[in-house]
Amino acid sequence: MYNVKSIKEDLFWIGANDRRLALFESAYPIPSGVSYNSYVLLDEKTVLLDTVDKSVSHQFFENLEHVLNGRTLDYMIINHMEPDHCAEIQDIVSKYPNVKIVCNSKIKTMIGQFFDFELPENQWHIVKEGDVLETGKHKLTFVFAPMVHWPEVMVTYDITDKILFSADAFGSFGAVDGNIFADEVDFDHRYTDEARRYYTNIVGKYGVKVQALLKKASTIDIQMICPLHGYVWRKDLGKFIEKYQKWSTYEPEEKSVLIVYTSIYGNTQNCAEVLASDLAELGVKDIKMYDASVTHPSYIIADAFKYSHIVFASTTYNMGIFVNMENLLRDLSAHHMQNRKVAIIENGTWAPVAGKQMTEIISSWKNTEILGSKITVKSALKAAQRDELKELAKQIKETIA
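This one's a predicted model, so the numbers in the text were calculated from it and none came from an experiment.

Novice: Can you walk me through the side chain of His85 in this structure?
Specialist: Within the secondary structure, His85 sits in helix H2 (residues 83–86). Polar side-chain contacts of His85 include one of 2.9 Å to the side chain of Asp168. Setting aside chain neighbours within four positions, we find His85 in contact with Asp50, Thr51, Val52, His80, Asp168, Leu228 and His229.

In structure tokens form, the structure reads like this:
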């Protein structure tokens, strides 16, 4: 049965939710599922904006047929060529053989890489940045957004209704639970963390490119944002755009401390717990702690973007950094982590070397200060070293503005 949501009088959401998928892109846990958003504009010409993932194709086609209500499909706009948004392109062409595909030249090339259908040249509507497509009442223009987060990406702006169809930008993990608009749910408490985790892990390393898109967007009067994942924004757009401004410039949202540790027998964990207590005694609030061997790195990366200070505490393992910590640090490096203050704790019974190797990785992070000297624990924290942790806590506290 169709499941369609009205966005405007002539604009409809025809997407679907996947609540069974365990790992998005085979990498990121999505305990609350994910939505695949697609939109249809019913003007003098009918317009489909992006398709969906293969897993929800049946729901998608039921929705599309219901909204078209016997009309044919005139245009299909493709903003982004990841398969979770473009999987149904060939089936759309098969079902509506006269449809015109609206895309840029890079998208057309990728369509040829993913699919094996042929269209006559007059059914390709290849656009350049700033081109305008008139569909009747509506005028649609196109803004290129390369590497947000694929090279072909563009976004579509409805000049008439001032709506930005933002591709993967401004999206979020999490299924759409009945409501379609962000102002209809408690987004701050239920979805901001998942929006941050979505951005930081998938788009995060392309902050410079996101800044370029935000600069272009600042020249446009945007009254609504329709992303390809998550909720539609029609109120408080500035609040969400400000989040993207912080995330894309690696500006911390929270002036507090994230502590990440790996521990085999609990001794390194004990150091982390003691440090957290010392920080709390000094008045530091909202401290966050993770065991990197237990928590999926996507959650830790998201909070690394959020917090101003990070403490990494690792045991030495096989003459190196414990594997889960090393993987996390290299993942953060791949995301171009920067603008942080970091402290390092190492543990080792006979040859503690994790701290030196952690320092080598973190030293490559732009505008990142390593506070004090690393603390070295041999096997277990002793009373004689207790003051070292207190001093580190004091240094961290003094640098929290």
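Novice: For this particular structure, what's the right way to read the side chain of Lys5?
Specialist: Mapped onto the fold, Lys5 is located in strand S1 (residues 5–8). A distance of 2.9 Å separates a polar atom in the side chain of Lys5 from the backbone oxygen of Gly178. If near-sequence neighbours (up to four positions away) are discounted, Lys5 is found in contact with Leu11, Phe12, Trp13, Val176, Gly178 and Ile180.

Novice: Whenever I open this one, unusual backbone geometry confuses me. Can you help?
Specialist: Comment: phi is negative for the bulk of residues other than glycine, and the bulk of peptide bonds are trans. A cis geometry characterises the amide bond from Val148 onward to His149, with omega recorded as 5 degrees. Of note, His149 is situated in the loop between strand S13 (139–144) and strand S14 (154–158). Although it is not a glycine, Glu25 adopts a positive phi angle of roughly 55 degrees. Looking at the secondary structure, you find Glu25 in the loop between strand S4 (23–24) and strand S5 (28–29). Look at Glu25 and you get partly exposed, because its relative accessible area is 38%. In this structure, Ala167 takes a positive phi of about 55 degrees despite not being glycine. Relative to the elements of secondary structure, Ala167 occurs in the loop between strand S15 (163–165) and helix H5 (187–190).

Novice: Is there a simple way to think about helix H4 (residues 105–114) in this case?
Specialist: Quick reminder: α-helices carry 3.6 residues per turn. Residues three or four places apart thus point the same way. Within H4 the residues assigned to the buried category are Ile107, Met110 and Ile111. Each buried residue of H4 sits inside an arc of 110 degrees when the element is viewed along its axis, so together they form one side. Of the exposed residues in H4, those oriented more than 90 degrees away from the buried face are Gly112 and Gln113. Turning to H4, the residues buried within the fold contact helix H3 (89–95), strand S10 (100–103), strand S11 (124–126) and S14. Capping the start of H4 is the job of one residue whose side-chain oxygen sits 3.1 Å from the backbone nitrogen of Lys106: Asn104.

Novice: Before we go on, may I ask you to explain the pairing of S10 in this structure?
Specialist: Residues in a regular strand point their side chains to alternate faces of the sheet. Across three bridges, the pairing between strand S9 (residues 75–77) and S10 is parallel. Paired with Met76 across the strands is Ile101, a residue of S10. Judged from the three bridges that link them, S10 and S11 form a sheet pairing that is parallel. Residue pairing for S11: Val102 is matched across the bridge by His125.

Novice: Can you walk me through a negative patch on the surface in this structure?
Specialist: Where like charges cluster on the molecular surface, the negative patch consists of Asp387, Glu388, Glu391 and Glu398. Inspection of the secondary structure assignment puts Glu398 in helix H13 (residues 386–399).

Novice: Even after reading the chapter, I still don't get the packing of aromatic side chains, so can you show me in this structure?
Specialist: For any two aromatic rings, the description comes down to two numbers: the centre-to-centre distance and the angle of the planes. Summed over the entire model, instances satisfying the criterion amount to 23 aromatic pairs. Plain terms: the ring middles of Phe60 and Phe61 are 5.0 Å apart, the flat faces sit at 70 degrees to each other, and that makes the pair edge-to-face. On the accessibility criterion, Phe61 (14% relative accessible area) is buried. One aromatic cluster is present, built from ring pairs that chain together Phe170, Phe187, Tyr191, Tyr199, Tyr231, Trp233, Phe240, Tyr244 and Trp247. The ring centre of Tyr299 lies 4.1 Å from the NZ or CZ of Arg197, which sits over that ring. One cation-aromatic arrangement involves Arg234 over Phe181; the distance from NZ or CZ to the ring centre is 3.8 Å.

Novice: Is there a simple way to explain the packing of helix H7 (residues 207–217) against helix H8 (residues 237–248) in this structure?
Specialist: Between two packed helices, what matters for the description is the angle formed by their axes and the separation of those axes. One way to put it is that H7 packs onto H8 with a least axis distance of 9 Å and a crossing angle of 145 degrees. The two elements H7 and H8 cross, and the hand of that crossing is left-handed. On the side of H7, the interface is formed by Gly207, Val210, Gln211 and Leu214, while H8 contributes Ile241, Tyr244, Gln245 and Ser248.

Novice: I'm lost on the pairing of strand S7 (residues 39–42) in this one. Help?
Specialist: Bridging between strand S2 (residues 11–13) and S7 involves three bridges; their strand directions are antiparallel. Considered in S7, the bridge of Trp13 is made with Tyr39. Here four bridges tie S7 to strand S8 (residues 46–49), and the two strands are oriented antiparallel to one another. Counterpart to Leu42 in the pairing with S8 is Thr46.

Novice: What am I meant to see in the environment of Pro146 here?
Specialist: Among the structural elements, Pro146 can be located in the loop between S13 and S14. For Pro146, a relative accessible area of 34% puts it in the partly exposed group. Excluding residues that lie within four positions of it along the chain, Pro146 makes contacts with Pro151, Val153 and Lys209.

Novice: Just checking my understanding: could you explain the pattern of salt bridges for this structure?
Specialist: Pairs can form between side chains of opposite charge whenever their charged atoms are close. Enumeration according to the criterion identifies 22 salt bridges in this entry. For Glu253, the salt bridge goes to Lys243, with nearest N and O atoms at 2.7 Å. Of this pair, Glu253 sits in the loop between H8 and strand S17 (254–262) while Lys243 sits in helix H8, and the two are 10 residues apart along the sequence. Here the residues in one salt-bridge network are Asp193, Arg196, Lys243 and Glu253, joined through shared partners.

Rules behind the numbers
- Residues numbered from 1 in each chain as written.
- Predicted model: local features only at pLDDT ≥ 70, side-chain atom pairs only at ≥ 80, totals over all residues.
- Heavy atoms only, no water.
- Helix = DSSP H or I, 4+ residues; strand = E, 2+ residues; numbered from the N terminus.
- Polar contact = N/O pair within 3.5 Å; in protein donor to acceptor, adjacent residues only side chain to side chain.
- Contact = heavy atoms within 4.5 Å.
- Buried < 20%, exposed > 50% of the residue type's maximum accessible area, 1.4 Å probe, protein only.
- Arc of directions from axis to C-beta.
- Pairing = 2+ DSSP bridges.
- Patch = residues over 30% accessible without salt bridge, like charges linked within 9 Å, V, L, I, M, F, W, Y side chains within 5 Å.
- Areas by Shrake-Rupley, 256 points an atom, 1.4 Å probe, with all protein chains shown as cover.
- Salt bridge = Lys/Arg side-chain N within 4 Å of Asp/Glu carboxyl O.
- Lys, Arg positive; Asp, Glu negative; His and termini not counted.
- Charge placed at Lys NZ, Arg CZ, Asp CG, Glu CD.
- Phe/Tyr/Trp six-rings, centres within 6.5 Å; stacked < 30°, edge-to-face > 60°.
- Lys NZ or Arg CZ within 6 Å of the ring centre and 35° of its normal.
- Axes fitted to C-alpha atoms, helices over the stretch in contact; angles between N-to-C directions.
- Left-handed = near helix turned anticlockwise from the far one by under 90°.

What is shown is where atoms sit, not what they do.
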